[in-house]
Amino acid sequence: MDRIAVIGDYDSIYGFGAVGFDLFPVEPGTPEAASTFRSITSEDARYGIVYITEELAASLWDQVSALSAKPLPAVIPIPGVKNNTGYGIESVKHSVEQSVGSDILFGKN
């Protein structure tokens with residue numbers, strides 16, 4: 001489980017290839033996006049971390065949220081070059097609140 005995948009629109013993810021991450025360029029809202037996400041998050045794929053653009057994560061919400069209860073792979077939303085939803089920040093905020101018990105990032109209860 002030492003591999004890292006990045007999935008999203010090509011313009012948002014191509015730079016991650018320079019550091020050796022496996023790239024999966026897909027367009028949000030397409031059947032290919034959903035099947036590629038299922039494929040790279042399966043146990044057979046052996047990815048420990050999957051970075052996903054916010055726009056794609058929002059379009060695959062059911063699949064992404066189903067994985068949040070599992071320890072691996074860690075699915076981490078990242079901002080893309082367009083159509084950012086704020087999902088990434090909300091996801092991090094929610095994770096911190098679950099771990100710590102309060103909102104220590106934004107100071108709101």
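Summary of the structure given here.

Rules behind the numbers
Residues numbered from 1 in each chain as written. Predicted model: local features only at pLDDT ≥ 70, side-chain atom pairs only at ≥ 80, totals over all residues. Heavy atoms only, no water. Core = buried A, V, L, I, M, F, W, Y, C linked by side-chain atoms within 4.5 Å. Buried < 20%, exposed > 50% of the residue type's maximum accessible area, 1.4 Å probe, protein only. Helix = DSSP H or I, 4+ residues; strand = E, 2+ residues; numbered from the N terminus. Contact = heavy atoms within 4.5 Å.

On to the nonpolar core, then. Among the nonpolar cores identified, the biggest contains 18 residues, and Ile 7, Phe 37, Val 50, Ile 52 and Val 64 are the most heavily contacted of them. Elements with a contribution of two residues or more to this core: strand S1 (3-8), helix H2 (31-40), strand S3 (47-53), helix H3 (54-59) and helix H4 (61-67). Residue contributions to this core peak at 4 residues, all from H2.

What follows concerns the environment of Val 50. Of note, Val 50 is situated in strand S3. You can call Val 50 buried: its relative accessible area is 0%. Residues Val 50 and Leu 72, spaced 22 residues apart in sequence, show a C-alpha to C-alpha distance of 9.3 Å. In this view, Val 50 contacts Ala 5, Ile 7, Phe 37, Ile 40, Thr 41, Pro 73, Ala 74, Val 75 and Ile 76; residues no more than four positions away in its chain are not counted.

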